[in-house]
Each structure stands twice: as structure tokens, then as C-alpha cells.
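# Architecture and fold: a report
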Amino acid sequence: MSVKLQRLCKNLTEIFGTRVHSLTLVGGEVTLEVSAADYFDVAKTLRDHPELRFEQLMDICGVDYVTYGRTDLVDFSAGRSPRYAAVSHLLSVTHNWRLRLRVFAQDDSFPVVASVTPIWSSANWFEREAFDLFGIMFEGHDDLRRILTDYGFVGHPFRKDFPVSGYVEMRYDPEQKRVVYQPVTIEPREVTPRIIREENYGRG
Amino acid sequence: MAEIKNYTVNLGPQHPAAHGVLRLVLELDGEVVVRADPHIGLLHRGTEKLMEHRTWVQSLPYMDRLDYTSMFVNEHPFCLAVERLLGVEVPLRGQYIRVMFDEITRILNHLLSIGTQALDIGAMAMVLYTFREREDIFDMLEAVSGARMHGAYYRPGGVYRDLPDSMPKYQVNKFKNEKTVKDLNKAREGNLLDFIEDFTDRFPGYVDEYETLLTGNRIWKQRTVGIGVVSPERALQLGFSGPMIRGSGIAWDLRKKQPYLVYDQLDFDIPVGYNGDSYDRYLVRVEEMRQSNRIIRQCIDWLRKNPGPVMTDNLKVAPPRRAKMKANMEELIHHFKFFTEGIHVPPGEVYAATEHAKGEFGVYMISDGANKPYRVKLRSTAFTHLSAMDEMAKGHMIADVITIIGTMDIVFGDVDR
């Protein structure tokens, strides 16, 4: 397996040259990182090049890296930048190999990356999901609507600065005889705190 | 001449044939669908966000609640992903138990899928027969995990406990007399493996029954042949997997192509369709049930002969044995740390994909070394398949939309997450 993946890595370096930001092979998984400017072209080559042939896009996942490796972050502007990334998982049925393709959106206040819907039709809903949950804009997507959250929802719930209990709750108001929104009444609480241990913790 | 306009119809979100809470906005030209726009998210529970606030082991039971028609196989990619990050090896017996229950839940899923699809199309009786067998499978799941549906049985490092030596039995009450109870308990006299074996003996006969009801049935064929045709090229483009891609004639199965656990040591075949229509996908599912039955029998044989541990003995990953915990200081500390702080997973990222009953079910996990996941992305099968709704339904009659929903085998816990 790993010989095959080394061949894939070699192909990727030869074909993309300087456009490769980073290329890693860890635990049997290849990760390629490219810049937002090259993203669309790289994706197209990944699908069409006979030595790569990634016919299938299995997944696009939005990630907010702002608190990565931190447990004490209060001011989110001091976190990691660029914050937002779109991570795609590609599969080649011909060669039977997989690739993870990561692209960071440059601007944290208005994250934009190119849409790959013209390359893989399955990207359509995945990009809508990443837009809905993280607010990543996909340039060139022709139907970028919210998909999972409620009609008229405000904000992007999977961002790290969005509280897990949300901002509004819904209830039936017997006086107005309709369902109303109101600010949440739940007290936020954390049962188990998030802990990152130092390197050699517990090894004596 | 009067001007005829397209009109829009709302199907769901409380339609019995929508398999949950699907709101489908259909633009119709007469009875022909011009555009189908599924509105999803009515069951969105934010599982991925919740997981970021739970420890690794606390996150696991959420997996059962995704695709609530095939529970145990959902837990599998999550456990695989955590194990890969930790570099933990599952004991061989644990691997066989997992594979066996993966296949049992595959049968469970296909029984529901075929039964309800037939129900939607008008073959009312099918669901009665398939649910009869589902009942037996629920008993197996209950015997092994204590819960009929949401078992939380697979754990990072293995499975929660070994197979039980006895099956729970029916007891006489005012609804069941002695004779009924005796008949019901006949298969339950031995241990769980005996019960499963008894089921696998009977099951091929049941599948024959289903096929007598449907495969040659004229009405069934009229409703499914040529409906929702997907070409192999489009199936790849649309990100299909599982029976949906195999129905289109591509022999792609992760159990064969990228085998995990002990699938490479088991003997089974992958059925492939030819036309890529709903009928072919139905045939693929029926044959998959037979093949799963074969795999289960092989696992039973192996499990009978090879006792052993089912969970890794690495106490940083798995809780210690109860008896040892009570008697031993070191184990007590491990127990306490495990259930309060939880396990720490080394930084890194992993994508673990398994052949779920519905297709490729993947878990993409990012860890930054904390006791909680940094980000979990669940790549659910039904979400991808449902996104092809517009393309598959276009040009078909409104009644065929029901067939297409059925053939996609969607479950809303899985679509909305």
C-alpha cells in the first residue's frame, strides 16, 4: 500500500511542482495543501490527469482552526490565522487511492474559496453545508443557499466562537398563539473541561 | 388558448413516504417533475458540534443515532478513526465480532429498505415479513449490548464485552401461554451464537420468500424498472457509493477494494447491477443480504473455535476489568482517569471509511491532542445520495419520486446529522 502511495506522492510533486504548499504521507493517508488561487486548477487536474484520476469527490468539510492546540483562547482574533479551511476527500476508483486536499481561505472576515461544482457534481451540497455551518463562500457556486439550519437562521453555528447552546430558542406563546423566538435561557456549562497535556505526560 | 403554468407542490415534511422529515418542493408540469428541491435539516442536531464538547468515548453513542436503521455499523468508522490516530490494534476476536455485527446490521438495514420501499409503492405485505426478521435481529443486538437499537457496543480498542453465553428468554404471562413461549424460546436455548446460527439457517428461505413476492411481480417491475436511471459516469460524478454505485454497474465495495479488519480473510461476492435503475438496485440489495448471511456464518465458525480477548489491554485506551479495578490501585487510577478526563488522542487527522449498508460512511477527525475531538466530520451516505434527487427525479412522474426516495434508502438521522 505505501509503495503505491509513494508513487502517488511522486506523481503529485511532478505534476504540480511549485503549486504544492505541503504534501504529507502520514498513516497511509496523503494530504495535499494548495493555495486558494490554485485550488480550482489543481482540482481539475486531479480529476483529469491519467496518473491521478480522482473521479469521485467523497466529502468537503469546513474546518475552523482558530482554537487549534489552545484551550485558553478568549479573544478569537488572537487565534490561528488563516482560520477557515475547506478539506476535500477525493477517491480514485481507477487507481484505488485517496487524497485529502486542503485549501485555506485567506481572509478571516470574509472567507472565499473557489467552488468545485463544475468539476464534481457531488460538491454542490457539501459546499452549501460548509457555507451554512462555517460561512465559507464558494465562488462560482450557483445555488449557495443554507441547507441544514432553520429558515432565517442568523450566524454560522459550527464556528468555534458560536456557543453550543446557540443564541435563540423557540417556544409556543399561548398569548400570541404562535411559535416565537427568544434569547436562550440555558446556562452554558461544561461537564468535562478540554485539556491538552504536555508532550510526555504520563510516561514517567 | 389558456396559458398553462407549472405549479409547485410541497411533499412533506410529514409525508409517510418521505422516510422521515424530508420537505421536497416539486415543480410540476402536469404530473411530470420539472425540478425537485429537497429541503433538509429538519432533524439537524449538530452532532459534529456536540462531539467537539464531549470526550472521545462520550461522543461514540451519537454515532448510533445517525442512521438509526443500521446502528452498529455506524459506530465502526468512528472507532476505526480513533484507533488509527492512537495506533491501537484490535484483538482478532474483537475484529470478527465487529464484522459479524456489521453484516447483521447490513441485513437489518436492507430489510427496512426493501420493506418500506415496497410499502411505499403499494406492496403492503412486504413490510410485515421484513419486520418479522428485524425483530430477531433486534433480539441479537439486545442480547449483546443491552439495547435494541442504540447499543454503543463498539468502542475504540475493540468491543464493549464478549458475546453472552445465554439468550434472554420469553416468560409465560397473560398474553403468552406456555406453548407459545416454548415455541418462541426454541431457538434461544443455547448461547447468542447458536441463536444467530439458527437465524442464518432460516434467513435464505426468507429471502426466497421476498423474492417470490417482488422479483417477478409485474406491478413491482412496472414501478421500478427504468425509474431513476443513473449511468456509471454520473454515479461517479455524484459521489455515489454502496448499492447505488453497484446498481449502476461499478463493482466498487470497500470491503473488497480497501479491506479493513478481517474482510480480506472472508469469502463473499459483490453483486453488481446492469441498468442502474431502481429495480437493479433492489436486486443488488437482495443479493447483498444473501452474501451478508454467508459472512455471518463464517464469522460464527471462527468465533466458536477461537476464544480470546475482545478489547485491547492498553489501559490508556480501554477501561480496566471491573474485578481488577476493585482490587488494584493502578487500575483504579486508570478507571478514574478514563471516565473523568477521558483518553487523549495524539494530534493529527484521519479519514476512516467503511462500507456501510447504504454506501461509504466516513469519519474525518482532527485531533489537537486534547481529550475531545477538535473537529469531526461525518461523511454520511444518504446526504450525498439525496443531493442527486433533482437529477434523478427530473422528467419522471410524481409517483416515481416516491420510488426514487425509496431506492436511495435515505434515513434522516443520517442526512441531517
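Computed from a predicted model, the values in this text were never measured in an experiment.

Reading the values: rules and limits
- Residues numbered from 1 in each chain as written.
- Chains lettered and ligands numbered in written order.
- Predicted model: local features only at pLDDT ≥ 70, side-chain atom pairs only at ≥ 80, totals over all residues.
- Heavy atoms only, no water.
- Pairing = 2+ DSSP bridges.
- Helix = DSSP H or I, 4+ residues; strand = E, 2+ residues; numbered from the N terminus.
- Axes fitted to C-alpha atoms, helices over the stretch in contact; angles between N-to-C directions.
- Contact = heavy atoms within 4.5 Å.
- Core = buried A, V, L, I, M, F, W, Y, C linked by side-chain atoms within 4.5 Å.
- Buried < 20%, exposed > 50% of the residue type's maximum accessible area, 1.4 Å probe, protein only.
- Parallel < 35°, antiparallel > 145°, perpendicular 65-115°, else oblique.
- Left-handed = near helix turned anticlockwise from the far one by under 90°.
- Expected span 1.5 Å × (residues − 1).
- Bend = angle between axes of the 7 residues up to and from the residue.
- Polar contact = N/O pair within 3.5 Å; in protein donor to acceptor, adjacent residues only side chain to side chain.
- Salt bridge = Lys/Arg side-chain N within 4 Å of Asp/Glu carboxyl O.
- Buried area = accessible area lost by both parts, 1.4 Å probe.

### Examining the sheet that holds strand β3 (residues 56-64) of chain A
Neighbouring strands of a sheet are bound in pairs by backbone hydrogen bonds; such pairs are parallel or else antiparallel. Residue and element names in this part refer to chain A. In spatial order, the strands read β1-β2-β5-β4-β3; together these five strands make up an open sheet with mixed pairing. At either margin of the open sheet sits one strand with a lone partner, and together these are β1 (22-26) and β3. The mean inter-strand angle of the sheet, taken between neighbouring strand axes irrespective of direction, is 20°. With five bridges connecting them, β1 and strand β2 (residues 29-34) associate as antiparallel partners. Its bridge partner being in β2, Ser 22 is matched across the sheet by Glu 33. Here helix α2 (residues 39-48) sits on the sheet in contact with β2, β4 (84-92) and β5 (97-104), set at roughly 170° to β5. The strands touched by helix α3 (residues 123-134) are β3 and β4; relative to β3, the strand with the most contacts, the crossing angle is about 5°.

### Re the nonpolar core
All names here are of chain B. Residues Met 100 and Phe 101 are the most contacted members of the largest nonpolar core, which totals 169 residues. Here the element with the most residues in this core is helix α4 (residues 92-121); it accounts for 12 residues. Phe 101 has contacts with Phe 72, Met 140, Leu 141, Val 144, Tyr 153, Tyr 154, Leu 163 and Leu 192, leaving out every residue within four places of it along the chain.

### Some remarks on the pairing of strand β8 (residues 168-173) of chain A
All names here are of chain A. Bridging between β8 and strand β9 (residues 178-183) involves six bridges; their strand directions are antiparallel. Directly across from Asp 173, in β9, lies its bridge partner Arg 178. Here β8 folds back onto β9 in antiparallel fashion, the turn holding four residues, of which Lys 177 has a positive phi close to 55°.

### A closer look at the packing of helix α12 (residues 278-305) of chain B against helix α17 (residues 398-408) of chain B
Residues and elements named next belong to chain B. The N-to-C vectors of α12 and α17 enclose an angle of 30°; their axes lie 10 Å apart at closest approach. Looking at the two axes, α12 sits roughly parallel to α17. Judged by the sense of rotation from one axis to the other, the crossing of α12 with α17 is left-handed. Residues Ser 278, Arg 281 and Arg 285 of α12 lie in contact with α17, whose contacting residues are Thr 403, Thr 407 and Met 408.

### Re helix α7 (residues 192-214) of chain B
Residues and elements named next belong to chain B. Look at α7: 32 Å from first C-alpha to last across 23 residues, which is about the 33 Å you get at 1.5 Å a residue. Bending of α7 peaks at approximately 35° at the position of Arg 202, with proline Pro 204 no more than four residues after it. Restricting attention to buried positions, one finds in α7 the residues Leu 192, Leu 193, Phe 195, Ile 196, Phe 199, Thr 200, Phe 203, Tyr 206, Val 207, Tyr 210 and Leu 214. Against the buried residues of α7 lie α4, α5 (126-145), α8 (218-224) and α12. By the N-cap criterion, in which a side-chain oxygen at the helix start approaches the backbone nitrogen of a residue two or three places on, α7 is capped by Asn 191, the distance to Leu 193 being 3.1 Å.

### Here we look at the pairing of β2(A)
All names here are of chain A. Across the six residues of β2, six count as buried, placing the element largely inside the fold. Residue alternation in β2 divides its side chains into two sets, Glu 29, Thr 31 and Glu 33 and Val 30, Leu 32 and Val 34, and both sets are buried. Where β2 meets β5, four bridges bridge the pair, whose relative direction is parallel. Bridging from a neighbouring strand, Thr 31 pairs with Arg 100 of β5.

### Looking at the environment of Arg23(B)
Checked against the element boundaries, Arg23(B) lands in strand β2 (residues 23-29). Measuring from C-alpha to C-alpha, the distance between Arg23(B) and Leu66(B) comes to 19 Å, with 43 residues separating the pair along the chain. Leave out the neighbours within four places in its chain, and Arg23(B) touches Tyr151(A), Asn10(B), Leu11(B), Gly12(B), Pro13(B), Asp37(B), Pro38(B), His39(B) and Leu42(B). Polar side-chain contacts of Arg23(B) include one of 2.8 Å to the side chain of Tyr151(A).

### Re the pattern of salt bridges
Residue and element names in this part refer to chain B. Inspection of every chain in the model, using the stated rule, returns 54 salt bridges over all chains. The partner of Glu 197 in a salt bridge is Arg 304, with the nearest N and O atoms 3.1 Å apart. You can see Glu 197 sitting in helix α7 and its partner Arg 304 sitting in helix α12, a full 107 residues away along the chain. On the basis of relative accessibility, which here comes to 37%, the residue Arg 304 falls in the partly exposed class.

### Considerations on the interface of chain A and chain B
At the interface, 57 residues of chain A touch 61 residues of chain B. Summed over both sides, the interface of chain A with chain B buries roughly 4700 Å², with 52% coming from carbon and sulfur. Contact with chain B buries area across many residues of chain A, yet Trp125(A), Leu148(A) and Phe158(A) alone supply 16% of it, more than any other trio. Along the contact surface separating chain A from chain B lie 11 salt bridges.

### Quick look at the packing of helix α1 (residues 2-16) of chain A against α2(A)
All names here are of chain A. Where α1 contacts α2, the axes come no closer than 12 Å and their chain directions differ by 130°. The orientation of α1 relative to α2 falls into the category oblique. With respect to the hand of their crossing, α1 and α2 are arranged in right-handed fashion. In contact with Leu 12, Ile 15 and Phe 16 of α1, α2 contributes Val 42, Thr 45 and Leu 46.

### Some points on the sheet that holds strand β8 (residues 375-379) of chain B
All names here are of chain B. A sheet is described by the order of its strands in space; here three strands give the open sequence β6-β7-β8, paired in antiparallel fashion. Two strands lie at the open edges of the sheet, namely β6 (348-355) and β8, each paired on one side alone. Geometrically, the sheet is characterised by an average inter-axis angle of 10° between neighbouring strands, direction not taken into account. Pairing of strand β7 (residues 360-367) with β8, which is carried by five bridges, proceeds in the antiparallel orientation. From the neighbouring strand, Gly 362 faces β8, where its bridge partner is Arg 379.

### Remarks on unusual backbone geometry
Trans peptide bonds make up the majority, and among non-glycine residues the majority have a negative phi. Residues and elements named next belong to chain B. You will see that Ala 152, though not glycine, has its phi angle at about 50°, which is positive. Inspection of the secondary structure puts Ala 152 in the loop between α5 and β4 (154-155). We classify Ala 152 as buried; its relative accessible area is 11%. One non-glycine residue, Asp 409, lies in the positive phi region at around 60°. Positionally, Asp 409 belongs in the loop between α17 and α18 (412-416). Taking the relative accessible area as the measure of exposure, Asp 409 reaches 3% and is therefore buried.

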